Amino acid sequence: MRKRKDSRWEGRYTVGHDPETGKSIIKNVLGKTQAEVKEKLKKAIEENVGIDYGKAKTCTVGSWLEIWMENYAKIKLRPSTFKTSQGFLKNHIKPQIGSVPLTELTSLDLQRFYKHLLDGGRVDRIEAKKKPKGLAPKTVRNIHQMIGSAYNLAREQKLVTRNPTQGCALPKVEHKEMKTLTADQLSAFFQEARDSGVYELYYLDLATGLRRGELLGLKWTDVDFDRRVVKVQRAISRQNGKVVEAPLKTKNAYCTLPLSADAISVLMHQRRKTGSSEWVFPSPSGGPMSPDSVLHMLQRVLKRAGLPRIRFHDLRHTCATMLCRRKISLRDIQLWLGHSTYQTTADIYTHLDYRDKMNTANAAADMVLNIMHKNT
């Protein structure tokens, strides 16, 4: 410890040796009094016990995120989520903060990075020309979570003493108004789906609220006609141009859902249509149907029925809003939809006004509601 010319006290301590030069790596603490610096010095030494600064010095934020991606994220994340994370690393993290030494990234650095992403961080691509220049708050939060997970690992590996993501101010996620089909629109939608020969697929999706991949992942061995239930055990996704089986999004998505007599009747009709295929909704070749083709099919049905464009996921929202209309509790809706937490369900649906915003009180809506609830 020593007193500096500016009257402050300074304490220095060695944290390791530079692997290239062999010189000591020195850090310091400052304070107004000798006693204050003595206490800070003691705390700093305790925090840095075991930290490999020699190894950490060779790591940048970008190189460490690559190590985390390949050895941890690739194992823990779903394939689609992993691919999205790769895009975050390549398009945003590495260009902006990738060269910063792992031990030197600060919360302020991250705060400036997040502001850049919000103001104009979208990658300039043809398909993004009509979209806002900044990334969505939810995307920025996902990038923040990704960096935080990588730094948690770095702490466990004794490369850093702190996680710079702690204490960052994150943008609030504004929930967009959900697009759902009204009662009259449901009636027109079902009529066109029947005429187009895809009634069974969309009927079952509106009755169960399954995600697109979960619906396409159903096999006939998952359907128990006697007990009138269906097991949700896998999903179908497109990875590297191939249609493949994939794990479900959350552990709660693995579930058994009851089916009404009407739903069983629809499935029996579908069983006769599929012939020898093991899949409930097979492709023309007999294998699982592509998620892309189902989406294109939905848009054709909507267009022919004179209805506005919606996402396939909005059929799931339509199912959920009808559950809300029947005053089903959010906890039960969470279990039905397979959300990972109650908070996820609450964040999406608690803003709904059951009386004014859900115009689903006629026969078409009641028909679908009865499908879902006869055996619950």
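Residues numbered from 1 in each chain as written. Predicted model: local features only at pLDDT ≥ 70, side-chain atom pairs only at ≥ 80, totals over all residues. Heavy atoms only, no water.

A.B. asks: Please explain the packing of helix 8 (residues 199–208) against helix 12 (residues 313–325) as it appears in this structure.
C.D. replies: When two helices pack together, you describe them by how their axes are tilted relative to each other and by the distance separating the axes. The contact between helix 8 and helix 12 brings their axes to 7 Å, and the two run at 45 degrees. Taken together, helix 8 and helix 12 sit at an angle that is classed as oblique. Together, Tyr202, Asp205, Leu206, Ala207 and Thr208 of helix 8 and Leu315, Arg316, Thr318, Cys319 and Met322 of helix 12 make up the contact between the two elements. In terms of residue class, the contact of helix 8 with helix 12 is made up of six nonpolar, two polar and two charged. (Axes fitted to C-alpha atoms, helices over the stretch in contact; angles between N-to-C directions. Helix = DSSP H or I, 4+ residues; strand = E, 2+ residues; numbered from the N terminus. Parallel < 35°, antiparallel > 145°, perpendicular 65-115°, else oblique. Contact = heavy atoms within 4.5 Å. Nonpolar A, V, L, I, M, F, W, Y, C, P; charged D, E, K, R; others polar.)

A.B. asks: Would you mind showing me how to read the sheet that holds strand 5 (residues 229–232) here?
C.D. replies: The strands making up a sheet associate through hydrogen bonds between their backbones, and the pairing can be parallel or antiparallel. Spatially, three strands are ordered 4-5-8 in an open sheet, and the strand pairing comes out antiparallel. Each end of this open sheet is capped by a strand with a single partner; those strands are strand 4 (223–224) and strand 8 (255–258). In the sheet, strand 5 pairs with strand 8 via four bridges, with the strands oriented antiparallel. Within strand 8, the position partnered with Val232 by the bridge is Cys255. (Pairing = 2+ DSSP bridges.)

A.B. asks: Would you take a moment to explain the environment of Leu135 for this structure?
C.D. replies: Residue placement: Leu135 occurs in the loop between helix 5 (107–120) and helix 6 (137–156). By relative accessible area, Leu135 is classed as buried at 10%. In this structure Leu135 touches His92, Leu117, Leu118, Gly121, Arg122, Val140 and Ile143, once residues within four positions along its chain are discounted. (Buried < 20%, exposed > 50% of the residue type's maximum accessible area, 1.4 Å probe, protein only.)

A.B. asks: So what exactly am I meant to see when it comes to the pairing of strand 2 (residues 9–17) here?
C.D. replies: Moving residue by residue along a regular strand, the side chains alternate between the two faces of the sheet. Pairing analysis gives two bridges linking strand 1 (residues 2–3) to strand 2, with the strands arranged antiparallel. Residue pairing for strand 2: Arg2 is matched across the bridge by Glu10. The turn joining strand 1 and strand 2, which pair antiparallel and follow one another in sequence, is formed by five residues; a positive phi near 80 degrees is taken by Ser7. Bridge count between strand 2 and strand 3 (residues 24–31): eight bridges; the pairing is antiparallel. Directly across from His17, in strand 3, lies its bridge partner Ser24. Connecting strand 2 to the next strand, strand 3, in antiparallel fashion are six residues, including Gly22 with a positive phi near 80 degrees.

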